[in-house]
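Here is what each chain is made of, one letter per residue.
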Amino acid sequence: MSEPSQSAPGRAALSVADPEIASLIAREERREADKLRLIASENYASRAVLEASASCLTNKYSEGYPHKRYYEGQQIIDEVEELAKSRLRALFGKPLADPAQLHVNVQPYSGSPANLAVYLAFVKPGETVMGLGLAAGGHLTHGHTVSITGKFFHSVPYGVRKEDHRIDLEEARRLAREHRPKLIWCGTTAYPRTLDFAAFRSIADEVGAILAADIAHISGLVAAGLHPSPVGVADVVTSTTHKTLRGPRGGMIFCKPEHASAIDRAVFPGLQGGPHNHTTAGIAVAAREASTPEFVAYARRIVDNAQTLAEALKERGFSLVTGGTDNHLLLVDMTPKNIGGKPYAQALDRAGIVCNYNAIPFDPRKPMDPSGIRMGTPCVSSRGMGKDEMKRLAGFMDEVAKSQAPEVCDRIAAEVREMCGHFPAPGLSV
Ligand code: DSN
């Protein structure tokens, strides 16, 4: 491995002022360059996104919204925020007859604050909410007991079906009729299949609930038209901006005009202070990038790569939850390979293949030592890898499943590094 350079482009001042941090950043760049990063929620932001995010916009406080701020000096910031909103409106408002009707809030610091704003806008403490249970592939903020959303609200989780591990819409409808939730979440963090927003709309309508779609994982696929959009179906849509959408680390909320004021007041002053203007600029850049044919080709590659990897793994005797994938994500049950998800993920990491251990639906093992791993193809697709690399990856994974010996993992890590060298990652200076 070559020595990482501390004074890479854009870090000359840092390498002088703080060589320790410069060195750590250089080492992380090297890691991101040399490994097959398969954590489903991660990506490589472009150099343009990184430059906007690391700009002087971080210096400005801007409580409020464009043209209604509490501090002066917002001439430029207002333009930045308006630009981010109008680009996101153009990108995500396509399902609407009039995209201008899509209200956009680009200030949430990330996905969890965006989701908290939805609670604050629509639900009172103690009222009932529903979301996909964490163990079934939902998110902590959809009402899990350890989250504030499960402590301050009465949470009734729905799950996936035992027989095929697909979301159990009949159970969701039955629980909704029984518990009359104020808010229903449709969204996932570990679910490899297409979400049926229309079915959730019908359940929410039947019980008079607000329907919130959390598209954090799939927003890049939605933007590219490769996953159905909840816009125009759900009352409110939340997302992070850094997963498949490939922006900086941030959050956003879309909603119908009638909910605009409740959402805006919930984000500020309800939950947050000044928006992170540097992040808003990075989101604007990402939204511009996401409106290009190159982005659509990248999003298509994400799905193709996930499906190629799924088939190649199945051919090698791996067991996939739901039998495959429609999106960017694979959930692999390691039980037939006689290894737990955690030791397998740790051995893969040594072999240069980075994923996370993950519970599978109805997992008999504990969350800290579960049966599965979760993988996603956004990062490898951003590097331009394709079918051949996914098949090679399946071979590496098979070898590690058979032997976690250090010499096996280290040999594969060298092969992974060599392969990665042919696919420079966006945004990195190595
Ligand atoms: N941490 C994100 C993920 O990995 O899915 C969700 O918040």
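Up top is the structure these notes are about.
Residues numbered from 1 in each chain as written. Predicted model: local features only at pLDDT ≥ 70, side-chain atom pairs only at ≥ 80, totals over all residues. Heavy atoms only, no water.

1. Some points on the sheet that holds strand 10 (residues 251-255)
- Strand order in this open sheet of seven strands is 4-10-9-8-7-5-6, and the pairing throughout is mixed. In the strand order of this sheet, the two ends are held by strand 4 (103-105) and strand 6 (154-158), each with one partner. Sheet twist, expressed as the mean angle between neighbouring strand axes with direction ignored, is 20 degrees.
- Sheet topology places strand 8 (residues 210-214) next to strand 9 (residues 236-240); three bridges connect them, and they run parallel. Across the sheet, aspartate 214 pairs through a bridge with threonine 238, a residue of strand 9. (Pairing = 2+ DSSP bridges. Helix = DSSP H or I, 4+ residues; strand = E, 2+ residues; numbered from the N terminus. Axes fitted to C-alpha atoms, helices over the stretch in contact; angles between N-to-C directions.)

2. So, the packing of helix 13 (residues 341-350) against helix 15 (residues 387-402)
- Across the interface, helix 13 lies against helix 15 with an axial gap of 10 Å and an inter-helix angle of 125 degrees. Judged by the angle between their axes, helix 13 and helix 15 are oblique. Our pair here, helix 13 against helix 15, has a crossing hand that is right-handed. From helix 13, Tyr344, Ala347 and Leu348 reach across to helix 15, where they touch Met397, Asp398, Val400 and Ala401.
- By residue class, the composition of the contact of helix 13 with helix 15 is six nonpolar, no polar and one charged. (Parallel < 35°, antiparallel > 145°, perpendicular 65-115°, else oblique. Left-handed = near helix turned anticlockwise from the far one by under 90°. Contact = heavy atoms within 4.5 Å. Nonpolar A, V, L, I, M, F, W, Y, C, P; charged D, E, K, R; others polar.)

3. A short note on the nonpolar core
- Counting 50 residues, the largest nonpolar core has Leu88, Phe92 and Ile184 as its most contacted members.
- Ignoring anything within four residues of it in the chain, the contact list for leucine 88 reads Gly93, Val104, Val106, Met252, Phe254, Ile283 and Ala287.
- In this structure, Leu309, Ala345, Ala351 and Ala401 belong to the second largest nonpolar core, which totals 38 residues. (Core = buried A, V, L, I, M, F, W, Y, C linked by side-chain atoms within 4.5 Å. Buried < 20%, exposed > 50% of the residue type's maximum accessible area, 1.4 Å probe, protein only.)

4. A short note on the sheet that holds strand 11 (residues 319-320)
- Across the sheet, four strands lie side by side as 11-12-15-14; this open sheet has antiparallel pairing. Because the sheet does not close on itself, it has two edges, and the strands there are strand 11 and strand 14 (356-358).
- Pairing of strand 12 (residues 329-333) with strand 15 (residues 372-376), which is carried by five bridges, proceeds in the antiparallel orientation. Opposite aspartate 333, over in strand 15, you have glycine 372 as the bridge partner.

5. Describing the site of the ligand
- By nearness alone, every residue bordering the ligand is listed as Ser41, His139, Thr189, His217, Lys243 and Arg374.
- Contact distances for the ligand include 2.7 Å between an oxygen atom and a side-chain N or O atom of serine 41.
- In this structure, an oxygen atom belonging to the ligand sits 2.8 Å away from a side-chain N or O atom of histidine 139.
- Starting from 230 Å² of accessible surface for the ligand in isolation, the protein chains cover 63%.
- A breakdown of the residues in the shell around the ligand according to their chemical character gives no nonpolar, four polar and two charged. (Near = heavy atom within 4 Å. Polar contact = N/O pair within 3.5 Å; in protein donor to acceptor, adjacent residues only side chain to side chain. Areas by Shrake-Rupley, 256 points an atom, 1.4 Å probe, with all protein chains shown as cover.)

6. Re helix 11 (residues 277-290)
- The end-to-end C-alpha distance of helix 11, which contains 14 residues, comes to 20 Å, matching closely the 20 Å that a straight helix rising 1.5 Å per residue would cover.
- Judged by how many residues are buried, helix 11 sits mostly within the fold: 11 of 14 residues are covered.
- Taken together, the buried positions of helix 11 are Asn277, His278, Thr279, Thr280, Ala281, Gly282, Ile283, Ala284, Ala286, Ala287 and Ala290.
- Turning to helix 11, the residues buried within the fold contact helix 3 (47-53), helix 4 (75-92), strand 10 and helix 12 (293-315). (Expected span 1.5 Å × (residues − 1).)

7. A short note on the pairing of strand 9
- Within strand 9, five of the five residues are buried, leaving the element largely enclosed by the surrounding structure.
- Where burial is concerned, the two faces of strand 9 agree: the one with Val236, Thr238 and Thr240 and the one with Val237 and Ser239 are both buried.
- Sheet topology places strand 9 next to strand 10; five bridges connect them, and they run antiparallel. By the bridge assignment, threonine 240 is partnered in strand 10 with glycine 251.

8. Things to note about the packing of aromatic side chains
- Following the criterion strictly, the structure yields eight aromatic pairs and no others.
- Aromatic pair phenylalanine 92 and phenylalanine 254: ring centres 4.9 Å apart, planes at 35 degrees, arrangement tilted. With a gap of 162 residues between them, phenylalanine 92 in helix 4 and phenylalanine 254 in strand 10 connect regions that are remote in the sequence. For the pair formed by phenylalanine 92 and phenylalanine 254, the shared burial category is buried.
- Ring centres of phenylalanine 318 and tyrosine 344 lie 6.5 Å apart, and the angle between their planes is 35 degrees; on these two criteria the pair is classed as tilted. Of the two residues, phenylalanine 318 sits in the loop between helix 12 and strand 11 while tyrosine 344 sits in helix 13, which places them 26 residues apart along the sequence. Each of the two residues, phenylalanine 318 as well as tyrosine 344, counts as buried.
- An aromatic cluster is present here, built from Tyr119, Phe153 and Trp185 joined pairwise through their rings.
- Positioned above the aromatic ring of tyrosine 44, the side-chain terminus of arginine 37 is 4.4 Å from the ring centre. (Phe/Tyr/Trp six-rings, centres within 6.5 Å; stacked < 30°, edge-to-face > 60°. Lys NZ or Arg CZ within 6 Å of the ring centre and 35° of its normal.)

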